Structures are given as C-alpha cells and as structure tokens.
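Coordinates in review
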Amino acid sequence: MQCSDGGNWEEEWWCRLVIISFLSLSFFQSQIWILFISASLYFLSCLSHSFFQKMASDKASELLSVITLGGKGSSLSSSSLYAIATGFASLRLDSSALDRLSPNQASSPPVQSQFPIPKTLAPLELRAFLTVLLYKLLRSSDHSALLPIRISEALNKFKNSQLDVFGSIELSKEEASLVEKLYPSGLFGVCAVLDHESAALSVVSDAVAALSCEAIKADVAAVLFNSMDSGDGFSAKEEVGVVSDMKVLLNGSKLVGKVEIDSVSKIAKVHGSLREIVKLVHSKTRIELNSKDLGSGSDVRTVLYPLAAAINELGECSLSRVEANLDSIGNEGLRSSLVGLFEGKCASGESLRNGFKLVLELGFEKEYEKFVHQVNVLLGMVWKIVAWEAMTGFIALEGVGWSEKSGSSVEVNGGVGGGNVKGDKKGEKKKKVLLGKGTSVIVQLIKDRLQGKAGDGIEKWVEDLLLFLDPKDREFDSLLKKLKEIVETNESRRLPKLPKGTRDFAKEQMTIRKRAFSIIEDVFERHGATALDTPAFELRETLMGKYGEDSKLVYDLADQGGELCSLRYDLTVPFARYVAMNGLTSFKRYQIAKVYRRDNPSKGRYREFYQCDLDIAGQYEKMGPDFEIVKILTELLDELQIGDYEIKLNHRKLLDGMLDICGVPPEKFRTICSSIDKLDKQPFEQIKKEMVEEKGLSVETADEIGTFVKERGQPLELLSKLKQQGSKFLGHNRSVDALNDLEILFKALEVSKCIDKVVFDLSLARGLDYYTGVIFEAVFKGGAQVGSIAAGGRYDNLIGMFGAKQVPAVGVSLGIERVFAIMEQLQKDQSQAPRATKTEVLVSILGDDLTQAAELVSELWNAKVKAEYFVNKRVMKHIDRARESRIPWMVIVGEREMNEGIVILKDIEAAKEDKIPRSSLVEELQRRLNP
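Predicted model only: the values in this text are computed from it and were never measured.

What follows deals with the overall build of the protein chain. A count of helical and extended segments in the protein chain gives 34 helices and 22 strands. For the protein chain, the residues scored as buried account for 49% of the 931 residues in total. At a minimum sequence separation of 6, the contacts of the protein chain that also span at least 24 residues come to 73%. As displayed, the protein chain offers around 45,600 Å² of accessible surface, 52% of which is attributable to carbon and sulfur atoms.

Quick look at the structure:
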C-alpha cells in the first residue's frame, strides 16, 4: 500500500505509534501509566491491522485484472483482448511460453529494422492489433523471447498513445519475415474489438428501442405479434428473440399506443439481423484469433462486410426514432436545445451513409487497415446515435425538472405528459405513468446515473449519458449486465413457449382458415362425401410398416398400461383401419384434422398440421374413383383461388415396371422410389449418388433410371409416346396395365375440361409403401415457394391389412397449411387485412349503464343479428372500436336519445346517421342488413 508521497502507509502509522509511546513514557513514569500505554498500543495495533487489511482489500479491488497469454491450453477471446486494448487489464506472458522461445537472438545476425506499426489505426485498435500479433508470436518458435517481452511491456505501459515506442529494433532476418507474415492476422484484433462492442450494441439497442416505443406512443403490435415464430426451421430465430425481449421490456406498459412508425415496425427484422451477424462474427473471430493458420485481409473483409451493413441499418432506424423522440417532447424550449445539441454532436443520416459507403470502397480497393478502421468508425457513429436515442427517449418520458432537494426529488411533467416543469406541491396528486416492467428499470438506471446532476444543464446531461452508453467506460459492463438481467429475470420471461414445428393462429389467420375449411367442406359434400373423425393416436402396430422410410417420423407415445401408441402420421391409415374394423365394403368420407410428424421443421414443414382428406373405398367402374378424386382436387384448388398450379401424375405399376426394366431388384423398389421422390428438391446427380453409394445400384442402372424419369409432358401426348411400337414398357405386363388405366383416366379428365391442369411425370414416385395404382401431387406455381400442396393415389391393399376383406380405395390429401401460407401472402400482397369478426352491429351506450346495453343488445341477439355492445362515455372510443373491428353499423344511445325514445343508427362506411324510433330498431336493422 503506497502513501501519497510514495511511502508505505502501514509503516508510517507504526512509526507514529512508537513516537507517541516514547513521548508518553517521558511524561508518565509510574507503572500504572506504563501498563495503560502498553494496553493502548496493543489495542491500536489490532485496530490498525484491521484498518490496513480493509485498505488493502479496497485498493486491490481497484487494481487491473491480469490476463496471461501463451499458457498451455490457453486461448484468446474477444472480451479478454478488449480488456487489454482498453487498458482495463494488464497482460502477463506465461513463463512456459517464453521458455519455448530462444533465450537470445535467432540464427541470423540481427539487423536494425523498423517494427511495422499500422499508422491508420486508432490507439485502441492498435493495442488490439499488437495483442494478436503478440499472441501469434508466442505460439511460434522462430524468434527470441525479446520481441514478445518488448511488445508486452509497451502494451502495459502505454494506454492512449500511438505506441510509437519501438523505434528501430534489432530483428533477425527470420524474425522480420515472421512479423511480416503475421501482420495481416493482427487485423483480427480490430475484428475482436468490433465483435465485443457490436455484441453489446445488440443488447443495448433493444432496451433503447423499447424506451422510444413508449416515448412516441408507438404501435408495437407489428413488433410483438406479427413477427412470431411460424414454427418452421427457416423462421428467423434471432427476430423471434428480439420480439421476446421486447415483450419483456414493454410488459405492462400503458404508454405504447397507435402511432405507426416505420423504424418501430422494423425493430424485429433489423435488430434480429444484427444479432445473427454478430454471432457469426464472434464465431469467425474466435477461430481466427486462435488458429495456427495466418489470416488475410480478404478474410477480414468477408467477416466485416455483413456486420457493417447490419450496423448501418440499425443506425438509420435508430436515427429515425431519435427524431420521433424529439418531436414528442412537449417543452418547446427543451426540444429546441436538444435539437441544437443533437445536430451539432451526432452523426446525420448523410454522414452515416457516407461512412458505410467508404467501408464498401475501402474493402473493394483492398485497403484492409483503413477498412477495419472505418468499420470501427461506423460502429462508433451508431453507438452515439443509439446513446442519443436513449437520451431523447428518457427526456421525452421524464423531462428535466427532477433534482435533489433536501433529500427528495422534484417530479417533472416535461415529457410525455406535457411541457411544464412543476415541483411537488403539498396535497397535489402526481399523475402516475405506467412504464413497462423492463423499461421502468432502465429509466431508473438513467436517473441513478444523473442523480444530483439535473442542475448542471442539458449539455452536461448529454455528455454524461453519452459516456454512460460508451462501451469503453469502466461502468459500462455493469450497465450491460443489468440490461441482460432485465430480459432474463423479468417475470414475462417465464411465459410458456411453443415447441418448434407448431403454431398459434391469431384471429386474422383463423378468419382465413375458417373460410378455407368452409370451401373445402362444400366441395367434399358436393361429391357426396360424409364426415368422419378418428382418434389423434392409434396403436403403434396400426401405423408401423405403412410409410416406408418415413416410418421413422411417427411420434411414439409412452407406454400406458401395456399399450404402445403413436400419434397419427396421416388420415389415410386411420381411415383404412376404421373401414376394416367396421366391416364396410364401400365408403366415401372426408376428414379435416391434425396429423403429426417427428420431423425437423423446415420451410413449409411442421410437426403438427392439418390435413384435409377425401377417400373413396369400394368396388366401382374402372378408374371412376380415380377420375373423381383428381377432379375434386382441381375444384378445391380453383375455388380456394390460390393462383396457378399443376398436378403431376404417374402410376405405381408403371414406376415398378420402369425399375424392373432398368434392372432394379424387386426388394429395392420401395427404397429406390423414396430416392426418386426427392427429384423435385434435389438434382438427379445427387439422387444418383444416393442410389449408387447408399442403396447399392450400379452406375449403369442409375443412369438408365435417369433417362426414364426425365420424361414429362401433356398427358395424352406422353401416353401416346410410351405406347408407340418399340417402347420398353410394351414388353412388361404390369406396365401395359398401367398405361391402359391412364388412358381411361386421361380421356375422362379431358372431357371434364380439367386435363390442362395435369402433367404426366415419370419422376413422380410418392415414397409411401401402400400406393398400388395412380399417384399424383399438386404443386403451386406462384411466387411463394411452398412445394407440394396436395397429394394422393390409389391403395388397394391397405384396408385388407386390417381385416379379412380386400377393399380397394383411392384418396387425396390437401396440405392445407401450405395453402394457408399462400392465401395469407396473397392477402398481404393485396394489402387486404381479413376481418376477424362477423359482427354487424355495435351497440354503443354513451355512459355507464350496463342494463341499457344488456336490454338493447339482447333484442338484437334474439333476432339473430350479430352484435356486440360497448359502454363508454366518450363517443370517439365507440367509433374507434367500430372502425378497428370493421363493424359496418353502430346503434348509438346517449342520455338525450333515451329521453326521446330514439336511437342513432350510423353507417360507418358511408359516414351517415339516422334517428330511428327505439321500438322499430330491430325491424329497421334487419331491413338494412338484408336489403
């Protein structure tokens, strides 16, 4: 422990005690006083020992942490490198690492050589650069220990200079060459700085954006609800994370409102994109820092290009919210002062764009030192913009009048609530503004930072808050930790989550689904089908062995009392089980229900989803049910109005004949069909590799299969080609049967005027084991890439697996989830928001009389009128309610209307209203609703 003049505090105090003791003894000679002084000395020594221990402990806490480089098994991280670069940590070289190096100079004679110091880099960047260079040198052995020692001493000594302390340094030829090779790797030191600061930015920017949402009373519905996880593997995971954190921050807020602002609606996408890219930068940087391979400037550019783009996008959105925050400040003088400071001290949109443009140009010109520096400059600009957003959001919410006065604070009304600074007056009730549970903590953190500084002036506030959100500030880590705790420990974080591959559906989505289900049921019932429902799970033995290689996707349930059960994989096998179990010989049924797949969710693929099936079982005229099923499918897709589609069609016997002709052993038919079935997703070369390397076919057999599966075209034309003299199919009995079946089918489809939707495609395989005849698959041809939207085929042997009778059957299954996705996208493209309710009338009672509302709305309900009621004193609340729900009619009743025995009937769309006698309301409404 050092005293102010360089001495030792503990020794100084002991010297003083000894002097006091001798002085006391010279005045007091009696033994009593000697004993008293001795006891006092003993007590003081104990006290001083405790005092010095506490002093030493307090002082030790202020000392820099020490980071050791070069130890066995050690690694360099962005956070430890950042601590060294900012001077928050000193570094120590591991002795074992130095022992591995030559004690003196390397083999070549030393020469005077200028150590390469990048002139473009800022001090912090330069320290990071040299730290990486030092770390790489410690992992090499072609030099002496003197060079690493010299660099470490310089890093520990100089914190803010350009480190131009090397001057001419003696390096051997090998050392000079090694430093030159390692030089580009040092640029990843700047990457580590960017990694550390951008990771912090992704946390801070979410919290700051939440403040802005409240300050400008933004409509956050688009952020919190429209960006939910869709359940598929391609849903933006980081966007969902941002939404989750924003919910935590804004939970309970009464300030978010109806103001639509583009930079708020983009929060999930922009902030989620930054999170995703920051993780990639972190992974790549960590690898490069600890890799033995030498990094290059082009590697750095590859890592930082997307980061720069994400940072720039965040900066533009944050800048827009700053301007909105300023506009929301009620105090004109305060707003003017802030605008002046903001324009003078913060980057503008133009300077931000120019900064990003310079990053792109320097990367293109391969000026890598300037490139990494400019990315850091761009990041610094955005950090300052985000700090300004925090400051303007806080001031818009809180004002500037609060300060410490006699231990109590003065409440302010200079923000959202108005523009005047008002002190607490005795008996005056303060208006309570409810912030979100997360944002209220953030506001308090800022208040704590500014406590006692409110009288310093707005410019001092600006300086202090900018420093508060500076990652190079010593207190920043504490702030960052608290922000993370807010979103991790807030009670909203404990809300349940959906399993991947499943979805909730909001009221707008349910409107589309109900309309689609209504159309589907109408088509099914038009063809004489009756409804059927079966259990969500079946005995496991019922499902096994029916789906080929896809059997691994069946969800097995836990053993319950000796019964092994599984969730249904489709609706076809349960239908077959039902027909066999009930001894039916003919049955045309439809079923709309959920099925389950133990799959990895991907674009358009879910673990739980609806299927809409229609199946026809029984003995009928040849190809009759097959024709009707394909016709039903065209009607469904036409009436759902999803756009252009095609139905690919093939025959399982023709497919088996093709495999037989190509020389595929019968026992491999089903597994090869599973491979062929992937041709719509993978090129033939990849399928060929699978058939040869994994499934044991010869290259010649695979190539011959390739010549067949490329055949596709207009049904009757391709059928004629396959039946021509010399066709290989004509020598195969099963293939001839298939071609004859298809001829009957195609002619029936032609006269029914739906053959133009059908494509004869020999690559269609349908990998399910139970298909025996015609197979087909509908594919959407519009902009949305959703894959197959319906499929089906003939299965003559499936029902017989469950009973004594073989009952032939054919069916179709509509992949309704993908159809919904198309319908939702079409409505979005046409800017049509679906109406969530069918309410025709809003009964609006101007007041608080529930009995009046109950009487009036009950009359409408009894007359089968779809109605809602609303009780509120403010007429605009009623009108807003009707407009939001798109309710066409309002019945308005206030005190005057009650006294006069009338109601006001308002047409919302036409903005017209009429006075109607109360007694004739129901009759008049029915007349207008059913003209």
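Having seen the model, we can carry on.
Another point: the nonpolar core. Counting residues in hydrophobic clusters, the biggest one holds 128 residues, and the most contacted among them are V204, L304, L307 and W388. Ignoring sequence-local partners within four residues, the contact set of W388 consists of V322, L338, L341, F342, K345, C346, V462 and L466. Among the nonpolar cores identified, the runner-up in size contains 72 residues, and M691, L745, F820 and M823 belong to it.

A word on the packing of aromatic side chains. Under the criterion given, the structure shown has 14 aromatic pairs. On the basis of an interplanar angle of 80° and a centroid distance of 5.6 Å, the ring pair of W383 and F476 is categorised as edge-to-face. Here the residue W383 occupies a position in helix 16 (residues 368–398), and F476 occupies one in helix 19 (residues 476–489), the gap between them amounting to 93 residues. Across the pair, F476 and W383 agree in class, each one buried. Positioned over the ring face of F505 is R513, at 3.6 Å from the centre of the ring. A cation over an aromatic ring shows up here: K757 above the ring of Y645, its NZ or CZ 4.7 Å from the ring centre.

A few words now on the environment of E717. Within the secondary structure, E717 sits in helix 28 (residues 715–722). Classification of E717 as exposed rests on a relative accessible area of 58%. Along the sequence, E717 and F760 sit 43 residues apart, while their C-alpha atoms lie 9.1 Å from each other.

With mixed pairing, five strands are arranged side by side in an open sheet as 19-18-20-21-22. Here the strands that pair on one side only, and so sit at the sheet edges, are strand 19 (867–872) and strand 22 (912–917). Taking each pair of neighbouring strands and ignoring which way they run, the sheet shows an average axis angle of 25°. As paired strands, strand 18 (residues 841–846) and strand 19 are joined by six bridges and run parallel to one another. Across the sheet, residue L846 finds its bridge partner in strand 19, namely N872. Sitting on the sheet, helix 32 (residues 875–884) is in contact with strand 18, strand 19 and strand 20 (889–893), with an inclination near 155° to strand 19. Sitting on the sheet, helix 34 (residues 921–929) is in contact with strand 18, strand 20, strand 21 (902–907) and strand 22, with an inclination near 140° to strand 22.

Within a sheet, adjacent strands bond to each other through the backbone by hydrogen bonds, running parallel or antiparallel. One open sheet holds the nine strands; their spatial order is 7-10-11-17-16-15-12-14-13, and the pairing between them is mixed. Since the sheet does not close on itself, it has two edges, and those belong to strand 7 (530–531) and strand 13 (712–713), each with one partner. Of the pairings in the sheet, the one linking strand 11 (residues 608–617) to strand 17 (residues 809–814) comprises six bridges and is antiparallel in character. Looking at the pairing, C612 lines up with L814 of strand 17. Sitting on the sheet, helix 20 (residues 507–526) is in contact with strand 10 (587–596), strand 11 and strand 17, with an inclination near 10° to strand 11.

What counts and what doesn't
Residues numbered from 1 in each chain as written. Predicted model: local features only at pLDDT ≥ 70, side-chain atom pairs only at ≥ 80, totals over all residues. Heavy atoms only, no water. Helix = DSSP H or I, 4+ residues; strand = E, 2+ residues; numbered from the N terminus. Buried < 20%, exposed > 50% of the residue type's maximum accessible area, 1.4 Å probe, protein only. Contact = heavy atoms within 4.5 Å. Areas by Shrake-Rupley, 256 points an atom, 1.4 Å probe, with all protein chains shown as cover. Core = buried A, V, L, I, M, F, W, Y, C linked by side-chain atoms within 4.5 Å. Phe/Tyr/Trp six-rings, centres within 6.5 Å; stacked < 30°, edge-to-face > 60°. Lys NZ or Arg CZ within 6 Å of the ring centre and 35° of its normal. Pairing = 2+ DSSP bridges. Axes fitted to C-alpha atoms, helices over the stretch in contact; angles between N-to-C directions.

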